[in-house]
Amino acid sequence: MATLATVVVLGVLAVVVVTSPGWPRVKATFFDWSHARAAFPAVWKGFGKNVASFLIAEPLILLIGVLVAVVRSTTSAALFPLRLIAVVYTDLFRGVPTLLVVLLCGLGLPALELQGVPTDTFWLGTFALVLSYGAYVAEVFRAGIDSIHPSQVASATALGLSNGQAMRHVVLPQATRRVVPPLLNDFISLQKDTALLSSIFVFEAVFTAQDYGLYNFNYTPFVVVAVLFVALTVPLARFTDWLGRRMMRRERAGAR
Amino acid sequence: MSDTALLRTENVRKTYGDKVVLRDIDLVVQPHDVVCLIGSSGSGKSTLLRCLDLLEDIDDGSIWFEGQEISDPRVDARAVRRRMGVVFQAYNLFPHLSVLENLTLAPRKVHGVDSTAAEARARELLESFGLADKADEHPDRLSGGQQQRVAMARAIATDPALLLLDEVTAALDPELTGEVLEIMRHLAGEGTTMVLATHEMSFARDVATKVCFLHDGAILEQGTPAEIFESPREERTRQFLRRVLPT
């Protein structure tokens, strides 16, 4: 029954698209096999930059996220300036659209002409993604830290652990486990947002496809890029779902 | 202080806003004492224990432990807590660590014991608490009674001078209460100094060296189990005992 329903729904959708008046033009511009083949090598090479940017950004984002979240959960008066910086950072970078962060970093930072600031927009763009996603991930970690019951800290304190040790050995490990599904969700989003580097002329997949389109008046490469992104994100998305379901089963099993 | 008391409180007072939760608490605990705090819920038993471990600040009075005034704000609270063990009503085991790791965390990170020695000591304790086969399990696989026994083992793994127990059987079935009380009798028999808040009157009667009846934040009456249970001086104590003792 489920299969039948799926076939009918997809069939109807396909018929609507294929019989639409503009379909022949769309087909020629976006679904041309020869253009797909011609553009593929360049697009594939560009896609390597998306993956590289993602792989470099992810560990840095995790690091910043944990640091900022831990700083925000401290209470000591001496650390107030750090807490203030952490709050301003998260508020600022969660508020500014990621595209703007990328544009500002990519075009603004080199204009400062500071020693040691790279001029390669790939690095500047990746840095922008780290800034922007670091703020999101910090909030995810903070929610995880806040979700740990205060009795766990009381227990650690009673055993003589310092606040730092309680955070490191008791709170953070439990918090991290809880936030893995939302974290993976943010990382799926990050994979896609590497496409924003196209706005500062990095020859990643989208920019390469756009370049091809402008020279050849054919946008099939965009579809190729879309397929590549889907192929990259779907496995991670399924893994996230699976992990979330497993955790829910565990929590609901009561004794387990 | 030159006397032999392990712990002494003088006029301890604790308030939450306008509410006075502890008043004029004078308590002396000698080495090897088993002091039972009894009284209705909300009488201040748990708060008193939390104040003794410096988990709560007191508003007035003083607490002396091992000859040092620990209520002095300049005292390093961590150094004091290293010498005390606490067991909570809800066990508060660390769910992400195995039973063995629960026991070795404080010895390794706080007391600087190397992990081989810490593990050996932990296994020895688990053995004597009848939990040798649970060392590598995670706490959520254990029954409530087993979890509470692990919590006891964790509290004494650091060889504290004083053990504070906060209604450790209150969350357990009568059936499981027995196995935890058994451990407490065992520890008392070994000479462990304990202060415990409890509703287990028969335990207090059999094992305590001193019983304190708390009412409305004050120790209304204290004495040997015989004095408190057989001939209570205060009418409030009599009322309380009538309610909790089987007739």
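Just so it is clear, the model here is predicted, and its values are computed rather than measured.

Draft legend 1. Region of the structure containing the overall build of chain A. Looking only at helices and strands, chain A has ten helices and zero strands in total. Order of helices (α) and strands (β) in chain A, N terminus to C terminus: α-α-α-α-α-α-α-α-α-α. Taking 256 residues into account, the globule formula puts the C-alpha radius of gyration at 18 Å, and chain A, at 23 Å, lies well above it. The buried share of chain A, taken over its 256 residues, is 39%. Surface summary for chain A: the accessible area is close to 14400 Å², and the carbon and sulfur share equals 71%. Both charge centroids of chain A, one from 20 positive and one from 13 negative side chains, sit 11 Å from each other.

Draft legend 2. Spatial organisation of the nonpolar core. By size, the foremost hydrophobic cluster in this structure holds 47 residues, and its most contacted members are I38(B), F129(B), M152(B), L165(B), M184(B), M194(B) and L196(B). Apart from the residues lying within four places of it in its own chain, the contact partners of M184(B) are M152(B), L165(B), V168(B), M194(B), L196(B) and F203(B). Ranked by size, the runner-up nonpolar core spans 35 residues in total, among them A57(A), I61(A), L190(A) and I200(A).

Draft legend 3. Broad picture of the UniProt feature "domain: ABC transporter" (unreviewed entry) in chain B. According to UniProt, the "domain: ABC transporter" (unreviewed entry) feature falls on residues 7-241 of chain B. Taken end to end, residues 7-241 of chain B is 37% helix and 25% strand, and its two terminal C-alpha atoms sit 27 Å from one another.

Draft legend 4. Fine view of helix α4 (residues 80-95) of chain A. Residues and elements named next belong to chain A. Along its 16 residues, α4 runs 22 Å from first to last C-alpha, staying within 8% of the 22 Å computed at 1.5 Å per residue. Those residues of α4 not exposed but buried are R83, A86, Y89, T90 and F93. Along the axis of α4, the buried residues cluster in a sector spanning 125°; they form a single face. α4 presents I85 and G95 as exposed residues on the side facing more than 90 degrees away from its buried surface. If you follow the buried residues of α4, they end up packed against α3 (33-72), α5 (98-111) and α6 (121-146).

Draft legend 5. View of the environment of D24(B). Within the element layout of this structure, D24(B) appears in strand β2 (residues 19-29). Contact partners of D24(B), with chain neighbours within four places excluded, come to N11(B) and V12(B).

Draft legend 6. Examining the interface of chain A and chain B more closely. Facing 19 residues of chain A, the contacting portion of chain B comprises 19 residues. Summing both sides of the interface, chain A and chain B together bury roughly 1800 Å²; the carbon and sulfur share of this comes to 60%. Remark: the boundary between chain A and chain B carries zero salt bridges. Counting across the interface, chain A meets chain B through nine residue pairs in polar contact (both at pLDDT 80 or more). Broken down by secondary-structure element, the contributors of at least two residues to the side of chain A that touches chain B are α7 (150-158) and α8 (163-193) of chain A. Here the element with the most residues in the side of chain A that touches chain B is α7(A); it accounts for seven residues. The residue makeup of the side of chain A that touches chain B, split by class, is eight nonpolar, nine polar and two charged.

Draft legend 7. View of helix α6 (residues 174-189) of chain B. All names here are of chain B. In this model, α6 (16 residues) spans 22 Å end to end at C-alpha, consistent with the 22 Å of a helix rising 1.5 Å per residue. Taken as a whole, α6 has its buried residues at T177, V180, L181, I183, M184, L187 and A188. When α6 is viewed along its axis, its buried side chains cluster within an angular range of 155° and face the same direction. Summarising the geometry of α6, the exposed residues directed more than 90 degrees from the buried face are E175, E182 and G189. Downstream of α6 by one or two residues, G191 has phi in the positive range, about 95°.

Draft legend 8. View of the pairing of strand β9 (residues 210-215) of chain B. Residues and elements named next belong to chain B. The buried count for β9 comes to five of six residues, which makes it a mostly enclosed element. Bridge count between strand β3 (residues 34-38) and β9: four bridges; the pairing is parallel. For I38, the partnering residue across the bridge sits in β9 and is F213. Bridge analysis of β9 against strand β10 (residues 218-223) gives five bridges, and the strand direction is antiparallel. Paired with L214 across the bridge in β10 is I219.

Draft legend 9. Quick peek at the packing of α5(A) against α6(A). Residues and elements named next belong to chain A. Relative to each other, α5 and α6 sit at 135°, their axes nearing to 8 Å. With respect to each other, α5 and α6 are oriented oblique. By crossing handedness, the relation of α5 to α6 is classed as right-handed. Residues T98, V101, V102, C105, G106, L109 and P110 of α5 lie in contact with α6, whose contacting residues are T121, L124, F127, A128, L129, L131 and S132.

Draft legend 10. Inspection of unusual backbone geometry at higher detail. Residue and element names in this part refer to chain B. The backbone phi angle of D24 is positive, close to 50°, even though this residue is not glycine. Given a relative accessible area of 53%, D24 falls into the exposed group. At N92, a position not held by glycine, the phi torsion is positive, near 50°. As for its placement among the helices and strands, N92 is situated in the loop between β6 (84-87) and α3 (99-109).

Calculation rules
- Residues numbered from 1 in each chain as written.
- Chains lettered and ligands numbered in written order.
- Predicted model: local features only at pLDDT ≥ 70, side-chain atom pairs only at ≥ 80, totals over all residues.
- Heavy atoms only, no water.
- Helix = DSSP H or I, 4+ residues; strand = E, 2+ residues; numbered from the N terminus.
- Rg over C-alpha atoms; globule rule 2.2 N^0.38 Å.
- Buried < 20%, exposed > 50% of the residue type's maximum accessible area, 1.4 Å probe, protein only.
- Areas by Shrake-Rupley, 256 points an atom, 1.4 Å probe, with all protein chains shown as cover.
- Lys, Arg positive; Asp, Glu negative; His and termini not counted.
- Charge placed at Lys NZ, Arg CZ, Asp CG, Glu CD.
- Core = buried A, V, L, I, M, F, W, Y, C linked by side-chain atoms within 4.5 Å.
- Contact = heavy atoms within 4.5 Å.
- UniProt positions renumbered as here; feature names shortened; annotations may be inferred.
- Expected span 1.5 Å × (residues − 1).
- Arc of directions from axis to C-beta.
- Buried area = accessible area lost by both parts, 1.4 Å probe.
- Salt bridge = Lys/Arg side-chain N within 4 Å of Asp/Glu carboxyl O.
- Polar contact = N/O pair within 3.5 Å; in protein donor to acceptor, adjacent residues only side chain to side chain.
- Nonpolar A, V, L, I, M, F, W, Y, C, P; charged D, E, K, R; others polar.
- Pairing = 2+ DSSP bridges.
- Axes fitted to C-alpha atoms, helices over the stretch in contact; angles between N-to-C directions.
- Parallel < 35°, antiparallel > 145°, perpendicular 65-115°, else oblique.
- Left-handed = near helix turned anticlockwise from the far one by under 90°.

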